[in-house]
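Here is what each chain is made of, one letter per residue.
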Amino acid sequence: MTGTTLDPAQAARIRAAFETQGMMQTLGASLTRIEAGEVEIVLPFGPHIAQHHGFVHAGGLTTVVDNAGGFAAMTLMPEGMQVLTVEFKVNFLSPAIGEKFIAIGRVKRAGKQISVVEGEVLAESADGARKPVALMLATMMGVWLGDRSAPA
């Protein structure tokens, strides 16, 4: 799915949608890359996202990888269509220890209304080494929000 050119207006819509999400602001996450079929979100480590052992909480990792997958799906949807998560499964591979966490969402199959995406979260240490800590498989649904006159 990746490798095709993304309409700059679509990238701007995705950035705008990301910026309105209070949860991303609460976590301190940033949208660092948008391509057709692929999106990257970075989550810096901080005590506000740690669980009782000092690792990043699974909820924080799940939130950013779900967003990365959803926005990856949205890159391939028509103008005016938004995305909602239908379901996801996340496997945690090791404790989330690092300076920052890179969530990458990739479209595996884009349909007219339903898309299947995969996501991964990489923990990056201070020396730049990366280690996978989570994998996600999700189903995203395109929905027409706002202008109800858009095609169904």
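Higher on the page you've got the structure.
Structural notes, computed from the coordinates.

Basis of the calculations
- Residues numbered from 1 in each chain as written.
- Predicted model: local features only at pLDDT ≥ 70, side-chain atom pairs only at ≥ 80, totals over all residues.
- Heavy atoms only, no water.
- Helix = DSSP H or I, 4+ residues; strand = E, 2+ residues; numbered from the N terminus.
- Buried < 20%, exposed > 50% of the residue type's maximum accessible area, 1.4 Å probe, protein only.
- Polar contact = N/O pair within 3.5 Å; in protein donor to acceptor, adjacent residues only side chain to side chain.
- Core = buried A, V, L, I, M, F, W, Y, C linked by side-chain atoms within 4.5 Å.
- Contact = heavy atoms within 4.5 Å.
- Pairing = 2+ DSSP bridges.
- Axes fitted to C-alpha atoms, helices over the stretch in contact; angles between N-to-C directions.

## Regarding the side chain of Gln10
Looking at the secondary structure, you find Gln10 in helix α1 (residues 8–19). Accessibility expressed as a relative area gives 3% for Gln10, which makes it buried. Of the polar contacts made by the side chain of Gln10, one reaches the backbone oxygen of Met74; its length is 2.5 Å. Within polar-contact distance, the side chain of Gln10 engages the backbone oxygen of Met77 at 3.2 Å.

## Focus on the nonpolar core
The tendency in soluble globular proteins is for nonpolar side chains to be buried as a group. Judged by nonpolar contacts, the single largest core of 41 residues is most densely connected at Ile41, Leu43, Val64, Phe101 and Val121. The element contributing the most residues to this core is helix α3 (residues 58–74), with eight residues. Ignoring sequence-local partners within four residues, the contact set of Ile41 consists of Phe18, Ala29, Ser30, Leu31, Thr32, Val64, Asn67, Ala68, Phe101, Ile102 and Ala103.

## Some thoughts on the environment of Asn91
Structurally, Asn91 can be placed in strand β3 (residues 81–92). According to the relative accessible area criterion, Asn91 is partly exposed, its value standing at 36%. Separated by 43 residues in the primary sequence, Asn91 and His48 have C-alpha atoms spaced 22 Å apart. Other than its neighbours up to four places away in sequence, Asn91 contacts Val133, Ala134 and Leu135. Engagement of the side chain of Asn91 in a polar contact is seen with the side chain of Lys89, the distance being 2.3 Å.

## Describing the sheet that holds strand β1 (residues 30–35)
As summarised here, the arrangement of the six strands in space is β1-β2-β4-β5-β6-β3, forming an open sheet in which the pairing is antiparallel. The sheet is open, and its two borders are formed by β1 and β3, each paired with just one other strand. Each adjacent strand pair in this sheet contributes to an overall mean axis angle of 25 degrees, direction not counted. Two strands pair when backbone bridges link them, and β3 and strand β6 (residues 130–144) are joined in this way by 11 bridges, in the antiparallel orientation. Residue pairing in the sheet places Phe92 in a bridge with Ala134 of β6. The strands touched by α1 are β1 and β2 (38–44); relative to β1, the strand with the most contacts, the crossing angle is about 160 degrees.

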